[in-house]
Structure formats: structure tokens, C-alpha cells
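Coordinates in review
Chain by chain, the residues run as shown.
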Amino acid sequence: MQLIAFYILSAIVVLSALFVISARNPVHSVLWLICAFFTSAGLLVLIGAEFLAMLLVVVYVGAVAVLFLFVVMMLDIDFAELKQGFTDYLVLGGIIAAALLAEIIIVASAVVSGGTFNPSPGAQTNADALSKVLYTDYLLLFQLAGVVLLIAMMGAIVLTLRSRPNVKRQNIARQTGRKRKDAVELKDVRPGQGI
Amino acid sequence: MEYLFKLGGGMWGGIGLAVLQILGLVVVLLVSIAFLLLMDRKVWAAVQLRKGPNVVGPFGLFQSFADLFKFVLKEIVIPAGANKTVFLLAPILTLTLALVGWAVIPVAPGWVIANLNVGILYLFAISSLGVYGIIMGGWASNSKYPFLGGLRSAAQMVSYEVSIGFVIVTVLLLVGSLNLTDIVNAQAGGIWHWNAFLLTPDKIALFPVMFAMFVVFFISALAETNRPPFDLPEAESELVAGYQVEYSSTPYLLFMIGEYVNIVLMCAMLTILFFGGWHMPIPIPTTGMPDWLVSLGGLLVFAVKVTFFFFLFAMVKAIVPRYRYDQLMRLGWKIFLPTSLVAVVLVSAYVVFVRPVAGT
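Residues numbered from 1 in each chain as written. Chains lettered and ligands numbered in written order. Predicted model: local features only at pLDDT ≥ 70, side-chain atom pairs only at ≥ 80, totals over all residues. Heavy atoms only, no water.

The description of an aromatic ring pair uses the distance of the two centres, along with the angle that the planes make with each other. All names here are of chain B. Taken as a whole and judged by the stated rule, the model has 25 aromatic pairs over all chains. Aromatic side chains Phe35 and Phe65 sit 5.7 Å apart centroid to centroid with 70° between the ring planes, which places their arrangement in the edge-to-face category. Here Phe35, found in helix H2 (residues 11-47), pairs with Phe65, found in helix H3 (residues 63-73); they are 30 residues apart in sequence, far enough to count as distant. According to the relative accessible area criterion, Phe65 is partly exposed, its value standing at 29%. Centroid distance Phe275 to Phe309: 4.9 Å. Interplanar angle 70°. Geometry classified as edge-to-face. Remark: Phe309 occurs in helix H11 (residues 291-319) and Phe275 occurs in the loop between helix H10 (249-274) and H11; sequence separation between them is 34 residues. (Phe/Tyr/Trp six-rings, centres within 6.5 Å; stacked < 30°, edge-to-face > 60°. Helix = DSSP H or I, 4+ residues; strand = E, 2+ residues; numbered from the N terminus. Buried < 20%, exposed > 50% of the residue type's maximum accessible area, 1.4 Å probe, protein only.)

So, in C-alpha cells, the structure goes:
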């Protein structure tokens, strides 16, 4: 039963990963990428790491890929131009792909030689096991990762936030602080005279 | 699952029983949504001193079914420039994701299709996927208004998800479990134990925090389901109908049902997280009663609470004017996010320093 599910899910992951790079329309590529993420979450559930699976869906599918899609949809893409640079990137892309493949092989062979895989060592659930190491042994690294993300966020804001002159802005405090008597004045208009 | 295998006599019998359960839940859910939809329109009409739908059947009770047939029998129009696959995939995805979320909702003691250990995370994950149906629909229509609606919804739903996440974290810290059944059972014993009204002596310090979180969750749920006053993705005075402009017939119907299933799902989440799930406001001793009676009573209480929240959703729709886009973003990022973040700090400080969670 589990084996059948594994083969179905991994076939879907590999196929959608293939479609990510072969789809002609970049929006379709992102949609296939989302499919690959979601199915990988299914694989994680299958080995018993349900907490990681849910995090994968929440963070990557629910947030990161939405922003991807957001950006890709708004781009105006010339497909002919996109195809031209393919050979230039072939060498660099090939090296990166080979490095990733080697890493996966090393990890996989380590797991195979190390015996059975345990998604939640020394705890009841996956979430327990993760939090027990994350907030004790690796607390410093965990917090450093958070600081790095914070700096990246601040950098993005600093790079994109420009204060341009001659731009009309709304002052929210003034808007919400407005009272009726500041804005509305009742006048008794006589017929034929106007104000 | 093992229980079902035993009950159904082997694997295939167990799978058959599970499918029957799922079908039962979906049918009950869709039929109740038909009536909730009518209630929505009736409440809306009553606020505006109209009668609402009252022609089809007694009191207009069969209006939703008449609408269903009308939608199904119409022609499906696909715009010439549309991306056909994605265009049709979007409404299907919306409805599927909305229904899939119900798999972990415990509607009565022991009545749940999948009692996941990470149930609440699953719900959060599924509800965060809901945005795809709208973005895909808006993009695939290949038209200006739908595209603008889709972009608005993407920004809006991602923003409000953040505060929903933090509100869920406060409840998790308080209960100490990710399992929805455990969350409901932690609120047993009367209205003063519910997370929205914590009035027991040991937790009364948290009452203002949790009540504020309840309000934040309710408002974020409105934004997450694109209900008024946050219905900017389909703001009819600006975008005609937003991402649904090009949809007709059954695809539109799927969008609409998906939206309502999502709304009821959010009502169920409010019930489970803050209103004690299937527990009565005043505890009634159930010793000696048969199990099915207790479960049925629980289901009834749960349904009443969900309907109450749906009534609130309908009232908000009828009463509150639509937000401006910058106000919406300001509310999400500058008010709800800091508030819920402070609440997470307060609740975790309380859990660590004042009342250690049982079992740790």
C-alpha cells in the first residue's frame, strides 16, 4: 500500500519537475512547480514527517509560490528572447545540476547504509522531535537564520522604498481623526441666490 | 483507519467505509450550504427591509436548488484569449481545496474523517492554498478586471494569513496540542472554559488577550474568504465582478460553492478554536446516555454554533461598507500583525511562567 503510494507520488514529482523546465509558458512552469511542492509534501507524510509536510505546504506553496506566481504573471515575457540565452547558461546550469545530484546521492546512500529512517527520534510526534533539537542544541543557528531573514527583508525594503518629492500621500491619522464638524458645514441657501 | 479496516473486514471494506463516510459528510455539507446560502440572502434582505427569495417552495426554501439547476443548464462560455486548461482548473481547484479542509474537522465526539496529529496545521495549509483558485482564474481569463481582482486577492489573502497563523499559535500554546479534537476537549466544562471567554480563576488573566484574538481571527476570516467588507477581489463597483467576470454556468457555480464552503469552514474553525466545538455552554452530565445520542447532541450543538457564526458573517456583509485597498493592507500589517504577535508573546509567557501545560 505504502509502496504503491510512494511510486505514484514520486512519479508525479519527477514528471511535474520535468514540466517545470519544459513548459513554454512561465506561469505554467510555476503551476507545475506548485504541483511538485505539494506532492513532495505527500512524500513527507508518507515517511511520517507530517509536521515538515505541513510546513512545506504552508511556507512554500502558500506563501513563496504565491509571490512567484504574482511576479511571473506581471512580467511581460518575450519567449524568443528567452530561448536565445539557453546555450550560454548550459555549462553553468549543468555544473549546478551535477552538484545537486551529487549531494542527493550522498544523502541517499548515507540513509541507505545507516539503516531505517526515523522521522521523530526520541519523541512522540515529528513536531516534538523537531522543536526539541531546534530550541535547545541548535538555538543559536535557528535564531541566526531568523536574523539573516530579517536583514534580507530590511534590505529589500531599503532598496525599493524611495521617497519621491511631489507625490501626494494620505495621512491615515488625519483621515481617521476627522470629525463631522471639520468637514461638513450646513448653510441655509436662499432660492435664486446661491452661496 | 485500523478501526475502519477491522469494521469493514479487510482493506477494501475499510476503504469502502471511508469513502461512504466522506460522501456522507460532503452531501450533508453541500445540502446545508444550500440552506445557509438562502439564509445569507434572507438576512441580507431583512437588513434592507426586503423580503428576499420567497417564490420557489415554502418561504423560498428551494431557491438554492433552483439556482443550481439554472447554473448547470446554462452554456459554458470560454473567452477566446483564455488559457483553457487553467481557466477550467481554477474553479475545480477552489471547490476541491474547500472540501478537502473538512477532512479534519471534528463535528461531534469521535466524528471526524481523519484525526490528524497536525490537524490545525493541515487546515492552515489548505486554507492558504485557497488563493490559487482565484489567482489562476484571474490570470487565465486574459482580461483586465479579472487580472486586477486576482492580484488584489493574492496580496490580501497572503497578508491576512499571517495574522491568522499567529492567532492559531496562541490557541496552540494554550492547549498544548495540534490535534483539533484535543483543542475541543481542552475547552470542555462550560462557557467559562471556551477560549473566547476564559473566565476560570487560573486563566482569567488571559481573557482580554484571547477575546482580542477571537475578534482578530473573525475579521481575518472575513478577509481570507473575500467576504464584505473585504471583498476587493470582486468589488462590483470597481472591477465588475473581479476574478469571476469571465466565468459563467458551472465553473462560476463551482467558484461560488467553493467560496461558501470556505466560509462555513472558517465558521467551523472559529467554533473549534474559540467556542468549544461540540461542548454545551452549560455542561450537561452525559453518563448513562448511549454513545450515539451524545454524538448526535454534539453534532447539533456544533451546527448551531457554526450557524451562529454564519449569521454574523451575513450581518457583517449587510451592514459594513467595503474597505479601501490601502486601509485593508494597513489593518492587516500594521494593526493585526503586531497585535497578534504581542498576544503570542503574552500567552507563551503565561504558559511558561504561570501555568505549565500538563504533561511537560
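Residues and elements named next belong to chain B. If you trace the backbone, Ser127 turns up in helix H5 (residues 119-140). For Ser127, a relative accessible area of 10% translates into the label buried. With 97 residues separating them along the chain, Ser127 and Glu224 place their C-alpha atoms 8.3 Å apart. With sequence-adjacent residues up to four places away left out, Ser127 is seen in contact with Glu161, Glu224 and Met266. (Contact = heavy atoms within 4.5 Å.)

We now examine the domain arrangement of chain A. Residues and elements named next belong to chain A. According to the domain assignment, chain A contains domain 1 (1-117) and domain 2 (125-166). Distance from the C-alpha centre of domain 1 to the C-alpha centre of domain 2: 23 Å. Domain 1 puts 5 residues into the contact, and the matching count from domain 2 is 4 residues. Counting the surface lost from both domain 1 and domain 2, the interface buries some 320 Å², and carbon and sulfur atoms represent 69% of this. Ranking the residues of domain 1 by area buried against domain 2 places Glu50, Phe51 and Leu52 at the top, with a combined share of 83%. (Domains from an automatic or database assignment. Buried area = accessible area lost by both parts, 1.4 Å probe.)

Residue and element names in this part refer to chain B. Per the stated rule, a full pass over the model turns up 1 cavity of 30 Å³ or more. One number sums up the size of the largest cavity: a volume of about 140 Å³. Around the largest cavity, the lining comprises 13 residues; the ones closest to its centre are Met157, Glu224, Thr225, Asn226 and Asn262. Counting only elements with at least two residues in the lining of the largest cavity, the list comes to H5 and H10. The greatest single-element share of the lining of the largest cavity, amounting to 4 residues, is contributed by H10. (1 Å grid on protein atoms, 1.4 Å probe; cavity = no way out; pocket = protein on both sides within 12 Å on 5 of 7 lines; lining within 4 Å. Points joined across faces, edges and corners; volume = space filled by probe spheres on them.)

With that out of the way, let us pick up the pattern of salt bridges. All names here are of chain B. Considering all chains together, one arrives at 5 salt bridges over all chains under this definition. Where Asp40 meets Lys317, a salt bridge forms, and the shortest distance between an N and an O atom there is 3.7 Å. Of this pair, Asp40 sits in helix H2 while Lys317 sits in helix H11, and the two are 277 residues apart along the sequence. Since its relative accessible area comes to 1%, Asp40 is described here as buried. The exposure class assigned to Lys317 is buried, which follows from its relative accessible area of 17%. In this structure, the salt-bridge partner of Asp231 is Arg322, at a minimum N-O distance of 2.8 Å. Residue Asp231 is located in the loop between helix H8 (207-224) and helix H9 (236-239), and its partner Arg322 is located in the loop between H11 and helix H12 (325-354); the two are separated by 91 residues in the primary sequence. (Salt bridge = Lys/Arg side-chain N within 4 Å of Asp/Glu carboxyl O.)

Mean pLDDT over chain B: 83, with 96% of residues reaching 70 or higher. The ipTM, which scores confidence in the relative placement of chains, is 0.76 for this predicted complex, and the corresponding pTM is 0.83. (pLDDT = per-residue confidence, 0-100.)

What follows deals with the packing of helix H4 (residues 84-100) of chain B against H5 of chain B. Residue and element names in this part refer to chain B. Two elements in contact, H4 and H5, have axes separated by 8 Å at closest approach and are oriented at 160°. Comparing the axis directions of H4 and H5 gives the class roughly antiparallel. Crossing geometry of H4 relative to H5 is assigned as left-handed. Contacts between H4 and H5 involve Val86, Phe87, Leu89, Ala90, Leu93, Thr94, Leu97 and Val100 from the first element and Tyr122, Ile126, Leu129, Gly130, Tyr132, Gly133, Met136, Gly137, Trp139 and Ala140 from the second. Split by residue class, the contact of H4 with H5 holds 14 nonpolar, 4 polar and no charged. (Axes fitted to C-alpha atoms, helices over the stretch in contact; angles between N-to-C directions. Parallel < 35°, antiparallel > 145°, perpendicular 65-115°, else oblique. Left-handed = near helix turned anticlockwise from the far one by under 90°. Nonpolar A, V, L, I, M, F, W, Y, C, P; charged D, E, K, R; others polar.)

The angle between the axes and the distance between the axes are what describe a pair of packed helices. Residue and element names in this part refer to chain B. Contact geometry for helix H6 (residues 144-175) and H8: axes closest at 9 Å, N-to-C directions at 150°. One finds that H6 runs roughly antiparallel with respect to H8. For the element pair H6 and H8, the recorded crossing hand is left-handed. Side by side, H6 and H8 meet where Gln156, Met157, Tyr160, Glu161, Ser163, Ile164, Val167, Ile168, Thr170, Val171 and Leu174 of the first sit next to Met210, Met213, Val216, Phe217, Ser220, Ala221, Ala223 and Glu224 of the second. Of the residues in the contact of H6 with H8, the class split is 13 nonpolar, 4 polar and 2 charged.

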